[in-house]
Every structure is written in structure tokens, then in C-alpha cells.
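These are the residues of each chain, in order.
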Amino acid sequence: SIRKIAVAVDGPAGAGKSSISKLVAQRLGYLYIDTGAMYRAITWAALHAGVDVKDEIKVTALLPSIDLRLEPTKDSFRVYVNNREITADIRSQAVTGHVSQVASYKSVREFLVEKQRQMARCGGVILDGRDIGSVVLPDAELKIYLTASVDARAHRRWLEVKDIEEVSLEDIKRSVKERDLMDTTRKESPLICVPEAVVVDSSNMSFDNTVEHIMKLIIDKSALLAEEAIQVK
Ligand code: CDP
Ligand code: CDP
């Protein structure tokens, strides 16, 4: 039988990492872990506690009191902080606007990376984020760098929120660019494309094509590893 592997999916905001990883995981019977949701949950907790998110010391002091849980559901997952469900709250513009700041703190990253490695221990996992291939799972059997042009990514985000929030495409583009800059230039675990990653540019790929493409990468990789394992014996 084909062995399940650990898959790291990294890339900038709006490339399709979470929506695609979620569906691929569901189809392959893998566990999907959205690490961005975890940084968003910490950001939500800080804002909710009235902590100044620009104050690294105050955010750090809050961490021990945050009991963060991701609960898998049939086709997605729910997010809880101290037993309060915040699955929808973590997608607000307020959280989106501050998450890259909070994610730049070393204490926050250590806190979450530890949790992410524990959650990934079972094998057959897809983690998506910015530092999965470089820091969280450096030994992942498959690393994917999923990207797309800023225009394509901003447009996708705009389609998602235009009916919910009063926000222009230009504002979203600015916010995406700001987060790209913070995520790629920060000192702690910046977003990078590791040399061994398979680069997938989804700018001109449909959602379904991207799903198919990534499923094939995973199936081919696990088949190859199974074959190699036989040859060694
Ligand atoms: O889905 P979207 O691209 O908007 O972002 P996300 O994946 O929910 O991640 C939100 C933010 O968390 C990112 O902009 C990063 O600043 C941070 N993040 C990170 O630093 N490391 C990760 N492994 C995942 C997210
Ligand atoms: O997680 P990340 O920020 O990388 O992106 P996402 O939230 O999964 O995807 C952003 C939006 O792009 C979603 O609405 C996807 O359905 C859409 N998308 C697309 O239209 N075409 C693709 N090839 C990939 C994603």
C-alpha cells in the first residue's frame, strides 16, 4: 500500500494554500493543519484581551493563558481559544491587519511551532503556512511552494469578501503587498522558497486544476518513496 507522507505547503497570501490543501487532504484522507489560522487565533486573543499587539512583551506574557485548539470536522476545522469558538472571528479585517505583526514575534512562533510539530506527528499530514518546509517540518517528504501574481491573489481575496465587507480591490491589493513584505523580510522564519520545494504558480490555473496538480504531486511522491523502499530491501 502507498505510504502517507508529510506535505509542506508554503507561499504568499491568497495563493490558494488553505482552500486547496483542505480539499486535497479530504480527498486523500490526510490531516490538514492550517498554521495561518493558529497565528490568526493568537492575534484574535491579543485583540480580545485588549493587549497592544505592537507590544511584543505584552503579547508574549499573554501566551501561557491561551489554550488554542484546532478541531477537525468532516470537511474543515473549527478554531477554539479557551473553549470559545472563534472560527469565523479570525477572518476579520482587524485580525488580518495585525496578524503579520504578531507572527513576527519569536515567542509566538516558538509557541505555535511546538504545537504544529505535535499535531503533525501522526504522518499523512498537509500543513500550510510560511515556514513549514524551512522550519516546522524540514524533513517533510514533499515541499510545495504555491504562489501567484499579486494581482491574481488580490482579486481572489476581493471575490471572497466583496459581498461581506465594504472594501476595494485596491485596498486588498495594498494589504496583500504589505503582508508579503512583512512575511518575507522579518527576522524570525521569513517566508522563503526552499531549494527542494516544487514551485506551483497558480496565477493562470483554475482552482480545480491546481487541486488536481497538487494531488498528483503527492500521489507520485508517495509512490516513488514506496518503490525506493522496496529496492532497498
Ligand atoms: O490565508 P492568508 O494567506 O490570508 O494568511 P494565513 O495563511 O491565514 O496567515 C496569516 C498570517 O500569519 C500570514 O500573513 C503570516 O504573517 C502568518 N503566518 C506565519 O507567519 N507563518 C505561518 N506558518 C503561517 C502564517
Ligand atoms: O491560503 P491562501 O491565502 O494561500 O489562499 P486561499 O485562501 O486558499 O485562496 C484564496 C482564494 O483563491 C480562494 O477563494 C480560492 O478558491 C481561490 N483560488 C482560485 O480561485 N484559483 C486557484 N488556482 C487557487 C485559489
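Just so it is clear, the structure is predicted and the values come from calculations on it, not from any experiment.

Counting residues in hydrophobic clusters, the biggest one holds 59 residues, and the most contacted among them are Val7, Leu68, Val79, Val108 and Ile218. Apart from the residues within four sequence positions on either side, Val7 is in contact with Tyr30, Val125, Ile126, Leu127, Leu142, Ile144 and Ile218.

Closest axis-to-axis distance for the helix α7 (residues 150–161)/helix α8 (residues 169–185) pair is 9 Å, and the angle between their directions is 125°. Taken together, the axes of α7 and α8 lie oblique to each other. In this structure, the crossing between α7 and α8 has a hand that is right-handed. Where α7 approaches α8, its residues Val150, Asp151, Arg153, Ala154, His155, Arg157, Trp158 and Val161 are matched on the opposing element by Leu169, Ile172, Lys173, Val176, Lys177, Arg179 and Asp180. In the contact of α7 with α8, the residues fall into 7 nonpolar, 1 polar and 7 charged.

This part covers the UniProt feature "binding site: ATP" (unreviewed entry) in the chain. UniProt's feature table lists "binding site: ATP" (unreviewed entry) at Gly11, Pro12, Ala13, Gly14, Ala15, Gly16, Lys17, Ser18 and Ser19, given in the numbering used throughout. Cross-referencing the annotated residues with the lining of the largest pocket gives Ala13, Gly14, Ala15, Gly16, Lys17, Ser18 and Ser19. With respect to the helices, strands and loops of the structure, Gly14 is situated in the loop between β1 (6–10) and α1 (17–28). On the accessibility criterion, Gly14 (12% relative accessible area) is buried. If we skip the residues at most four places from it in the chain, Gly14 touches Arg153, Arg156 and Arg157. One can find Lys17 in helix α1. A relative accessible area of 6% places Lys17 in the buried class. A polar contact is formed between the side chain of Lys17 and the backbone oxygen of Gly11, at a distance of 3.1 Å.

Turning to the site of ligand 2, a few remarks are in order. Around ligand 2 lies a shell of 17 residues, among which Gly14, Lys17, Ser18, Ser19 and Glu160 are the nearest. Separating an oxygen atom of ligand 2 from a backbone N or O atom of Gly14 is a distance of 2.7 Å. Because more than half of its atoms lie within 2 Å of the grid, ligand 2 is assigned to the largest pocket. Sorting the residues of the shell around ligand 2 by element identifies α1, α7 and α9 (207–232) as the ones contributing at least two each. In terms of residue class, the shell around ligand 2 is built from 6 nonpolar, 7 polar and 4 charged.

Here we take up the environment of Val53. Here Val53 is to be found in the loop between α2 (35–48) and α3 (56–62). Using a relative accessible area of 5% as the deciding quantity, one classes Val53 as buried. Residues Val53 and Gln101, 48 residues apart in the sequence, show an inter-C-alpha distance of 7.3 Å. Excluding residues that lie within four positions of it along the chain, Val53 makes contacts with Ala46, Leu47, Val59, His98, Gln101, Val102 and Tyr105.

What follows concerns the site of ligand 1. Near ligand 1 there are 19 residues, and of these Arg40, Arg109, Asp131, Arg157 and Asp183 occur at the shortest range. Here Arg157 contributes a side-chain N or O atom positioned 2.8 Å from an oxygen atom of ligand 1. Arg186 has a polar side-chain atom sitting 2.8 Å from an oxygen atom of ligand 1. Burial of ligand 1 by the protein chains amounts to 99% of its free accessible area of 530 Å². Taken atom by atom, the bulk of ligand 1 overlaps the largest pocket. When contributions to the shell around ligand 1 are tallied by element, the ones reaching two or more residues are α2, α4 (93–102) and α8. Counting residues per element, the shell around ligand 1 draws most heavily on α2, which supplies 4 residues. Looking at the shell around ligand 1, its residues break down into 4 nonpolar, 5 polar and 10 charged.

Take α4 next. Along α4, the residues classified as buried are Val95, Thr96, Val99, Ser100, Gln101 and Val102. Each element contacted by the buried residues of α4 is listed here: α2, α3, α5 (106–119) and α8.

A few words on the sheet that holds strand β4 (residues 77–81). With antiparallel pairing, 3 strands are arranged side by side in an open sheet as β3-β4-β5. Either end of the sheet is taken by a strand with one partner, and the two such strands are β3 (68–72) and β5 (84–85). Relative to β5, β4 runs antiparallel, the two sharing 2 bridges. What sits directly across from Val81, in β5, is Arg84. On top of the sheet, α2 reaches β3, β4 and β5; it is set at about 35° to β4, its chief contact.

Definitions and limits used
Residues numbered from 1 in each chain as written. Chains lettered and ligands numbered in written order. Predicted model: local features only at pLDDT ≥ 70, side-chain atom pairs only at ≥ 80, totals over all residues. Heavy atoms only, no water. Core = buried A, V, L, I, M, F, W, Y, C linked by side-chain atoms within 4.5 Å. Buried < 20%, exposed > 50% of the residue type's maximum accessible area, 1.4 Å probe, protein only. Contact = heavy atoms within 4.5 Å. Axes fitted to C-alpha atoms, helices over the stretch in contact; angles between N-to-C directions. Helix = DSSP H or I, 4+ residues; strand = E, 2+ residues; numbered from the N terminus. Parallel < 35°, antiparallel > 145°, perpendicular 65-115°, else oblique. Left-handed = near helix turned anticlockwise from the far one by under 90°. Nonpolar A, V, L, I, M, F, W, Y, C, P; charged D, E, K, R; others polar. UniProt positions renumbered as here; feature names shortened; annotations may be inferred. 1 Å grid on protein atoms, 1.4 Å probe; cavity = no way out; pocket = protein on both sides within 12 Å on 5 of 7 lines; lining within 4 Å. Polar contact = N/O pair within 3.5 Å; in protein donor to acceptor, adjacent residues only side chain to side chain. Near = heavy atom within 4 Å. Sits in = over half its atoms within 2 Å of the grid points. Areas by Shrake-Rupley, 256 points an atom, 1.4 Å probe, with all protein chains shown as cover. Pairing = 2+ DSSP bridges.

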